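Each chain is listed here by its residues.
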Amino acid sequence: MNKITILGSGTSTGVPILGCKCRVCQSNDQRNKRLRSSILLETSGAKTILVDASPDLRTQLLTTKTQTLDAVIITHDHADHTHGMDDVRPYTFGRSEPLPVFTDAHSSESLTQKFPYIFQRDKIYAHKPIIGGGIPLMDLKVIEEEKNIIEGEEFHFYSLPHGHGDSLSFHHKKLGYIIDCREVPETIIKSFRDAQLDVLIIDCLRYTPHQTHLHLDLTLNYINQIAPKTAVLTHMGHDFDYVDLISQLCSRNIKNVFPAIDGQSFLYS
Ligand SMILES: [Zn+2]
Ligand SMILES: [Zn+2]
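Residues numbered from 1 in each chain as written. Chains lettered and ligands numbered in written order. Predicted model: local features only at pLDDT ≥ 70, side-chain atom pairs only at ≥ 80, totals over all residues. Heavy atoms only, no water.

## Digging into the coordination of the zinc ion (ligand 1)
Part 1: Taken together, Asp80 (OD), His81 (NE2), Asp180 (OD) and His235 (NE2) make up the full set of protein donors to the zinc ion (ligand 1), lying 2.1 Å away.
Part 2: Each of the four donor atoms around the zinc ion (ligand 1) contributes to a set of angles spanning 93 to 161°, which defines the coordination as irregular.
Part 3: All donors of the zinc ion (ligand 1) belong to a single chain; written as a sequence motif, their spacing is D-H-x98-D-x54-H. Of this pair, aspartate 80 sits in helix 2 (residues 79–82) while aspartate 180 sits in the loop between strand 10 (175–178) and helix 6 (186–194), and the two are 100 residues apart along the sequence. For the residue pair aspartate 80 and aspartate 180, the accessibility class agrees, reading buried in each case. (Donors = N, O, S within 2.8 Å, 3.2 Å for Na, K, Ca; no water. Tetrahedral: all angles 85-135°; square planar, octahedral: opposite > 155°, others 65-115°. Helix = DSSP H or I, 4+ residues; strand = E, 2+ residues; numbered from the N terminus. Buried < 20%, exposed > 50% of the residue type's maximum accessible area, 1.4 Å probe, protein only.)

Have a look at this one:
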């Protein structure tokens, strides 16, 4: 079996939001504590693949006691998915080859500009030595086709609209991951449905519609069409109290959809 762990189930601010006095942000329920969005895949082929480098990454990978990373996938270049990039650095210590970081062409360009000391290191250090603690040995790999083999594992990637750009969603075997997006086009819904998913992790920001994210009714509509065995709501904001949301789902007689809890793992074939 393969394992997916939710490293963080929160929206870009995390929950609680700094300075917010709302009931959810002030709640003592650990299930309302949401770090920024990242997941970890541990495959049956013994590969460990990180999806997104949230600003909370160090805390998250200490919690999972992750020893090595074989690859990183970045879904898009927004801060809540990339600003933990430097926390990947210890996993590159002692590597002879750079750690591959897979993303689309736009995010590859953007990450090169945001992190020149990592992704333009040959240029920056061409005429001066690297001194001190060293820099992360990582290389960007641009995803151009739907089907990609990453460390021997087959992934199918899809670009979904998110704000002014796109965000990558994917399925790996019977896991689907649909993160930050405004909508999921019909053809992509079909690809996810055809994958006959054990687990679908899917964007669900809040109860009411949003310009760049899915909201509860739209997320549930997509889950219904994709028909995974289990669906897990993620990228959640402070509108969602865990217990209230579970009650909402129960009152609608929905039995296979759960709000994510940070640190929770699911197995998939
Ligand atoms: Zn996000
Ligand atoms: Zn709040």
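## As for the sheet that holds strand 12 (residues 230–234)
Part 1: If you trace the seven strands from one edge of the open sheet to the other, you get 7-8-9-10-11-12-13, paired in mixed fashion. One side of each edge strand has no neighbouring strand; the edge strands of this open sheet are strand 7 (147–150) and strand 13 (257–259). Between one strand axis and the next, the sheet turns by 25° as a mean value, whatever way the strands run.
Part 2: Across three bridges, strand 12 lies against strand 13 in parallel orientation. (Pairing = 2+ DSSP bridges. Axes fitted to C-alpha atoms, helices over the stretch in contact; angles between N-to-C directions.)

## Observations concerning the pairing of strand 10
Part 1: Burial of the side chains of strand 10 extends over both faces: Leu175 and Tyr177 are buried on one face and Gly176 and Ile178 on the other.
Part 2: Bridge count for strand 9 (residues 165–172) against strand 10 is three bridges, and the pairing is antiparallel. When the sheet's bridge partners are listed, histidine 172 is paired in strand 10 with leucine 175.
Part 3: Adjacent in sequence and paired antiparallel, strand 9 and strand 10 are bridged by two residues, among which lysine 173 carries a positive phi angle near 50°.
Part 4: With four bridges connecting them, strand 10 and strand 11 (residues 199–203) associate as parallel partners. Each residue of the ladder has a partner; that of isoleucine 178, found in strand 11, is isoleucine 202.
Part 5: Following the backbone out of strand 10, through helix 6 and into the adjacent parallel strand 11, one traces a crossover that is right-handed. (Right-handed = clockwise from strand over helix to strand, strands pointing away.)

## With respect to the sheet that holds strand 4 (residues 71–73)
Part 1: Read across the sheet, seven strands follow the order 6-5-4-3-2-1-14 without closing on themselves; strand pairing throughout is mixed. What marks the edges here is a single partner per strand, and that holds for strand 6 (138–142) and strand 14 (265–268). The sheet shows a mean angle of 25° between the axes of neighbouring strands, direction not considered.
Part 2: Bridging between strand 5 (residues 99–103) and strand 6 involves five bridges; their strand directions are parallel.

## Topic: the coordination of the zinc ion (ligand 2)
Part 1: For the zinc ion (ligand 2), the protein coordination sphere consists of Cys20 (SG), Cys22 (SG), Cys25 (SG) and His238 (ND1), at 2.0 to 2.3 Å.
Part 2: Here the zinc ion (ligand 2) is ringed by four donor atoms whose angles at the metal span 104 to 114°, and the overall shape comes out tetrahedral.
Part 3: For the zinc ion (ligand 2), the donor residues sit on a single chain with the sequence spacing C-x1-C-x2-C-x212-H. Note that cysteine 25 is positioned in the loop between strand 1 (2–8) and strand 2 (38–42) and histidine 238 in the loop between strand 12 and helix 8 (242–251), a separation of 213 residues in sequence.
Part 4: Classification of cysteine 25 by relative accessible area gives buried; the value is 6%.

## Overview of helix 7 (residues 216–226)
It helps to recall that an α-helix has 3.6 residues per turn; residues three or four apart then point in one direction.
Part 1: Taken together, the buried positions of helix 7 are Leu216, Thr219, Leu220, Tyr222, Ile223 and Ile226. Along the axis of helix 7, the buried positions cluster into a sector of 160°, meaning they face one direction only.
Part 2: For helix 7, the elements touching its buried residues are strand 10, helix 6, strand 11, strand 12, helix 8 and strand 13. (Arc of directions from axis to C-beta. Contact = heavy atoms within 4.5 Å.)

## A word on the pattern of salt bridges
Part 1: Evaluation of the coordinates by the stated rule reveals 12 salt bridges.
Part 2: Taking the shortest distance from any N to any O, the salt bridge between glutamate 151 and lysine 47 comes out at 3.5 Å. With glutamate 151 in the loop between strand 7 and strand 8 (153–162) and lysine 47 in the loop between strand 2 and strand 3 (48–51), the pair connects residues that are 104 residues apart, well separated along the chain.
Part 3: Here lysine 47 falls in the partly exposed class, since its relative accessible area comes to 25%. (Salt bridge = Lys/Arg side-chain N within 4 Å of Asp/Glu carboxyl O.)

## A closer look at the packing of helix 6 against helix 7
Part 1: Two elements in contact, helix 6 and helix 7, have axes whose closest approach is 8 Å; the angle formed by their N-to-C orientations is 50°. Overall, the two elements helix 6 and helix 7 adopt an arrangement that is oblique. Here Glu186, Ile189, Phe192 and Arg193 of helix 6 lie close against helix 7, whose contacting residues are Tyr222, Gln225 and Ile226.
Part 2: Partitioning the contact of helix 6 with helix 7 into residue classes produces four nonpolar, one polar and two charged. (Parallel < 35°, antiparallel > 145°, perpendicular 65-115°, else oblique. Nonpolar A, V, L, I, M, F, W, Y, C, P; charged D, E, K, R; others polar.)

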